[in-house]
Amino acid sequence: MYLGLDLGTSGVKALLIDAGQTVIGSGHASLDVSRPHPGWSEQNPVDWIRACEEAVAELKASHSGQLAAVKGIGLSGQMHGATLLDAGDHVLSPCILWNDTRSHAEAAKLDADPRFRKLTGNIVFPGFTASKLVWVKNNEPDIFAKVAKVLLPKDFLRLWLSGEHISEMSDSAGTSWLDVGKRGWSTDLLSATSLDEKQMPSLVEGTEKAGALRSELASKWGMQAGIPIAGGAGDNAASACGMGTVGAGQAFVSLGTSGVLFAANASYLPNPESAVHTFCHALPGTWHQMGVILSATDSLNWLSEISGKGAGELTAELGDALKAPTGVSFLPYLSGERTPHNDSAIRGSFTGLAHETSRAVLTQAVLEGVAFAFRDSLEALAKAGTTLTRVTAIGGGSRSRYWLTAIATALGLPVDVPADGDFGAAFGAARLGMIAATGADPLRVCTAPATDATIEPVATLSNAYADAYQRYRALYPAIKAATA
């Protein structure tokens, strides 16, 4: 058996697979996000441990015998979070999460230093870790002075699991401290934020061993002490391993809290001006690019909350057949946007509202707005040298066929829907745990699932969607100018 632990923003998932990669069982525990000020987003790292304990306990309740057979553990997790520890490994402050934008001024200052884009291949976004540490230095100097280690969220779990300070390439590529082409910490970039390599975890590839399970936890969970823990991956790279998106030209669209258009690459292809993320993949010698939108299903969840209707109820009101855009447009910038704008201050909007605008029309506009945001990412990937011919859909939002049809039509690409199964980040983490424990060929382990259905673009609506996309594209500069 092999165990995958995925530390997400909304919860921790523990997933157990056997040697044939069949999912045996899973456990889950929820997490909350604290937003003490506008633009802030935090979690207490101690809650991650609590949630991991609960998720494993739920798994153990029904699969204790299988847990005893676990031979490897893999980790995945939300990226970019700044987990600050003192010399005794005590948490110094709440973790500043990936969608926290308080460090936008610090990020802009770092991004103006040409070394950052040159070495990392990326814009320094406010959500990335380096700018957060500069913010802490500027605003909480007493805490900054005590920082002995900076860990990403999943690597804080690793510390608890194994006692080791270790990270891996895919997650570390999102810190703005990694030389992404050379796959190692940059002393120049660390120095630019008043840090050094001693404050960083050591680095391995995602498929390599990176610590071993402590005997205390092994005894509690009914597992063997010393089980190898894989380097693992950031959540999107882990999902790619779960989906078999590891070879050049393979891609997926993820409809989760945030949205991701992810493409695997066999070489390092940076183009930071496009606001595309270029990161190391979890497999050695591979990289990936992604366009990232900050509010995908979060946009529908927002509408659900203010309308008093569940997300499923809202989409059900649209029926099954894709409709032509109504003229009502939605910008899904509820917490700013990354690709292609790199704008933490912009906010969402509806335009084209009229007396006859119904709740269903608002829902349709939200789904289209997210689809057009993915189209923005597709255009940005093209500028970065990556051409896609099809994508596979993952994430909670992919349960809506209407939404997937809108995305296919907006992108002009077929969207493959995998056969029923759990192929997300926890599954990818379990696969990495298998590779680390057995030395198996990553390409033989990280295969693609069978396709259940392919959703083609609706040709009769392609012109209407193209026109609506151009309206969507014109709104950002107009709203930006009006709110500047």
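Owing to the predicted nature of the structure, the values given are computational and were not obtained by experimental measurement.

Chemist: So, the state of the cysteines: which residues are in play, and what are the values?
Modeler: One covalent bond between the sulfur atoms of two cysteine residues makes up a disulfide. Applying the stated criterion across every chain yields a total of zero disulfides. Free cysteine Cys 95: the closest other cysteine sulfur is in Cys 52, separated by 16 Å. Here Cys 241 is not disulfide-linked; the sulfur of Cys 446 is the nearest cysteine sulfur, at 4.4 Å. Judged by relative accessible area, which is 0%, Cys 241 ranks as buried.

Chemist: I'd like a rundown of empty space enclosed by the protein, residues and numbers included.
Modeler: Within this structure, the stated rule accounts for three cavities of 30 Å³ or more. Estimates place the volume of the largest cavity at around 90 Å³. Partitioned by chemical class, the residues of the lining of the largest cavity number four nonpolar, five polar and three charged.

Chemist: An account of the nonpolar core is requested, with residue identities and associated values reported.
Modeler: Grouped together as the largest cluster of nonpolar side chains are 102 residues, with contacts concentrated most on Leu 3, Leu 5, Ile 73, Leu 161, Trp 177, Leu 213 and Met 223. Once residues lying within four places of it in the same chain are set aside, the contact partners of Met 223 are Leu 3, Leu 67, Val 70, Ile 73, Leu 213 and Ala 218.

Chemist: Got a sec to walk through the packing of aromatic side chains? Specific residues and values, please.
Modeler: Counted under the stated rule, the structure contains 16 aromatic pairs. Seen in terms of ring centroids, Phe 330 and Phe 350 are 4.9 Å apart; in terms of plane orientation they differ by 45°. Their pairing is tilted. Here the residue Phe 330 occupies a position in strand 20 (residues 329-331), and Phe 350 occupies one in strand 21 (residues 349-351), the gap between them amounting to 20 residues. A residue is classified by how much of its surface remains accessible, and Phe 330, at 1% relative accessible area, is buried. By the ring-pair criterion, three or more aromatic residues cluster together here, those being Phe 372, Tyr 465, Tyr 469 and Tyr 472. A cation over an aromatic ring shows up here: Arg 102 above the ring of Trp 40, its NZ or CZ 3.5 Å from the ring centre. When the ring centre of Phe 125 is taken as reference, the NZ or CZ atom of Arg 338 above it lies at 5.8 Å.

Chemist: I'd love a proper account of the side chain of Ser 274, names of residues and values included.
Modeler: In this fold, Ser 274 is placed in the loop between strand 17 (259-265) and strand 18 (277-280). At 2.7 Å, the side chain of Ser 274 forms a polar contact with the backbone oxygen of Asn 271. Each residue touching Ser 274, except ones within four places of it in the same chain, is listed here: Thr 339, Pro 340, Ala 380, Lys 383 and Ala 384.

Chemist: Can you explain the packing of helix 1 (residues 45-67) against helix 6 (residues 153-162)? Please cite residues and give values.
Modeler: Taken N-terminus to C-terminus, the directions of helix 1 and helix 6 make an angle of 65°; their axes are 10 Å apart at the nearest point. Overall, the two elements helix 1 and helix 6 adopt an arrangement that is roughly perpendicular. At the point where helix 1 passes helix 6, the crossing takes the right-handed sense. Each of Pro 45, Trp 48, Ile 49, Cys 52 and Glu 53 in helix 1 lies in contact with helix 6, whose residues at this interface are Pro 153, Phe 156, Leu 157 and Trp 160.

Chemist: Pulling in residues and values, what's your account of helix 6?
Modeler: Burial within helix 6 is extensive, with 10 of its 10 residues counted as buried. Looking one or two places after helix 6, you find Gly 163, whose phi comes out positive at around 80°.

Chemist: Talk me through the sheet that holds strand 18; I want residue IDs and the actual numbers.
Modeler: Across the sheet, which stays open at both edges, the seven strands sit in the order 18-19-17-16-22-23-24 with mixed pairing between neighbours. Strands with a single pairing partner mark the edges of an open sheet, and in this sheet they are strand 18 and strand 24 (451-455). Across this sheet, the average inter-strand angle for adjacent strands is 30°, counted without regard to direction. Pairing of strand 16 (residues 251-255) with strand 22 (residues 391-394), which is carried by three bridges, proceeds in the parallel orientation. The partner of Val 253 across the bridge, within strand 22, is Ala 393.

Chemist: Run through the pattern of salt bridges, naming residues and quoting values.
Modeler: Overall, the coordinates contain 19 salt bridges when judged by the stated rule. Across the pair Glu 216 and Arg 214 runs a salt bridge whose closest N-O atoms are separated by 3.0 Å. Overall, the relative accessible area of 53% leaves Glu 216 in the exposed class. Residue Arg 214 is classed as partly exposed on the basis of its relative accessible area, which comes to 26%. Glu 317 is the salt-bridge partner of Arg 359, the closest N and O atoms lying 2.4 Å from each other.

About the thresholds
Residues numbered from 1 in each chain as written. Predicted model: local features only at pLDDT ≥ 70, side-chain atom pairs only at ≥ 80, totals over all residues. Heavy atoms only, no water. Disulfide = S-S within 2.5 Å. Buried < 20%, exposed > 50% of the residue type's maximum accessible area, 1.4 Å probe, protein only. 1 Å grid on protein atoms, 1.4 Å probe; cavity = no way out; pocket = protein on both sides within 12 Å on 5 of 7 lines; lining within 4 Å. Points joined across faces, edges and corners; volume = space filled by probe spheres on them. Nonpolar A, V, L, I, M, F, W, Y, C, P; charged D, E, K, R; others polar. Core = buried A, V, L, I, M, F, W, Y, C linked by side-chain atoms within 4.5 Å. Contact = heavy atoms within 4.5 Å. Phe/Tyr/Trp six-rings, centres within 6.5 Å; stacked < 30°, edge-to-face > 60°. Helix = DSSP H or I, 4+ residues; strand = E, 2+ residues; numbered from the N terminus. Lys NZ or Arg CZ within 6 Å of the ring centre and 35° of its normal. Polar contact = N/O pair within 3.5 Å; in protein donor to acceptor, adjacent residues only side chain to side chain. Axes fitted to C-alpha atoms, helices over the stretch in contact; angles between N-to-C directions. Parallel < 35°, antiparallel > 145°, perpendicular 65-115°, else oblique. Left-handed = near helix turned anticlockwise from the far one by under 90°. Pairing = 2+ DSSP bridges. Salt bridge = Lys/Arg side-chain N within 4 Å of Asp/Glu carboxyl O.

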